[in-house]
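# An overview of the molecular structure
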Amino acid sequence: MVLALIVCGAVLAAVVLGLLGFGVRRRVIQRGGGTFDCSGRWTPPEPGQSPGKNWVYGVARYNGDRIEWFRVFSYLPKPRLSLERDLIEVRERRHPQGDEEVALLPGAIVLTCRHDGSDLELGMSEDALTGFLAWLEAAPPGRRVNVA
């Protein structure tokens, strides 16, 4: 009986510490400001697969001339992806289709982009999209801007 209580207490403490770790990491990422919720997809679904497949929920942060993208459910302190402003080419803007509405946050807009030869999709709110496009267009003079 005592052993079962100790095991349950240890499991509960591990879960609480894990959730606390996610919260602390997110606060550290957001501390400098300039963050927004942003889902990402780097591998489009195969033909016949659900359009909602392969989306990963994350947080993006503006950092000078780059966007840093962090997975929400990760303990890594560094971004999983870093996008250089002058290498981002916006190709299409659309509303989620089919199962994507469930995979993305409510009201999200999907932005199809190309970055340094790789295709990717970003799902963000209208407000975040407006800020993202303004940031892209606000590149210093002489820089290439690729907004569709």
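Presented here is an overview of the structure given in this document. All values reported here derive from a predicted model rather than from experimental measurement. Every chain's residues receive numbers from 1 upward, in the order its sequence appears when written. Confidence filtering applies because this is a predicted model: local features only for residues at pLDDT of at least 70, side-chain atom pairs given and counted only at 80 or more, and all residues used for totals across whole chains, interfaces and linings. Where side-chain values are given, they derive from all heavy atoms of the structure, hydrogens and water being excluded.

### Considering the side chain of H115
The condition is simple: Under the DSSP-based scheme used, a helix requires at least four consecutive residues in state H or I and a strand at least two consecutive residues in state E, with every element numbered from the N terminus. Think of a polar contact as two N or O atoms within 3.5 Å of one another; within protein, one of them needs to be a possible hydrogen donor and the other a possible acceptor, and neighboring residues in sequence only count if both atoms come from side chains. Contacts are residue-level and defined by heavy atoms, with any inter-residue pair within 4.5 Å sufficient.
Residue position: H115 is located in strand β7 (residues 109-115). Within the structure, H115 has its side chain in polar contact with the backbone nitrogen of E84 (distance 2.9 Å). H115 has contacts with S82, L83, E84, L87, I88 and L120, leaving out every residue within four places of it along the chain.

### Section: the environment of E101
We apply this condition: Note on exposure labels: buried denotes an accessible area under 20% of the residue type's maximum, exposed denotes more than 50%, and partly exposed covers the range between, all computed with a 1.4 Å probe on protein chains only.
Tracing the sequence through the fold places E101 in helix α2 (residues 100-103). By relative accessible area, which is 55% here, E101 ends up exposed.

### A closer look at the pattern of salt bridges
The test is simple: Here a salt bridge means any side-chain nitrogen of Lys or Arg lying within 4 Å of a carboxyl oxygen belonging to Asp or Glu.
Taken as a whole and judged by the stated rule, the model has 10 salt bridges. Across the salt bridge formed by D65 and R85, the nearest N and O atoms sit 2.5 Å from each other. With a gap of 20 residues between them, D65 in the loop between β3 (58-63) and β4 (66-71) and R85 in the loop between β5 (81-84) and β6 (88-94) connect regions that are remote in the sequence. Of the charged contacts in the structure, one is a salt bridge between R91 and D119, with a shortest N-O distance of 3.7 Å. Of the two residues, R91 is situated in strand β6 and D119 in strand β8 (residues 118-124); the sequence distance between them amounts to 28 residues. Overall, the relative accessible area of 42% leaves R91 in the partly exposed class. Among the charged side chains, a network of salt bridges with common partners joins R41, R94, E100 and E121.

### Regarding the pairing of β7
Selection criterion: Paired strands, in this sense, are two strands between which DSSP finds at least two bridges.
Of all seven residues making up β7, six are buried, and the element is well covered by its neighbours. Where β6 meets β7, six bridges bridge the pair, whose relative direction is antiparallel. Among the inter-strand pairings, R93 is bridged to a residue of β7, identified as L111. Counted between consecutive antiparallel strands, the loop separating β7 from β8 contains two residues, among which D116 sits at a positive phi close to 50 degrees.

### Regarding the sheet that holds strand β2 (residues 39-41)
Two pairing modes exist for strands in a sheet, parallel and antiparallel, and in both the strands are linked by backbone hydrogen bonds. Here is the rule: All axes are obtained by fitting lines to C-alpha atoms, using only the stretch in contact for helices, and the reported angles, taken between N-to-C directions, cover 0 to 180 degrees.
Spatially, four strands are ordered β2-β8-β7-β6 in an open sheet, and the strand pairing comes out antiparallel. For this open sheet the edge positions go to β2 and β6, each flanked by a neighbour on one side alone. Each neighbouring strand pair of the sheet contributes to a mean axis angle of 25 degrees, computed without reference to strand direction. With three bridges connecting them, β2 and β8 associate as antiparallel partners. For R41, the partnering residue across the bridge sits in β8 and is E121. Taken strand by strand, helix α3 (residues 126-137) contacts β6, β7 and β8, and its axis lies near 150 degrees from that of β6.

The values are spatial; any link to function lies outside them.
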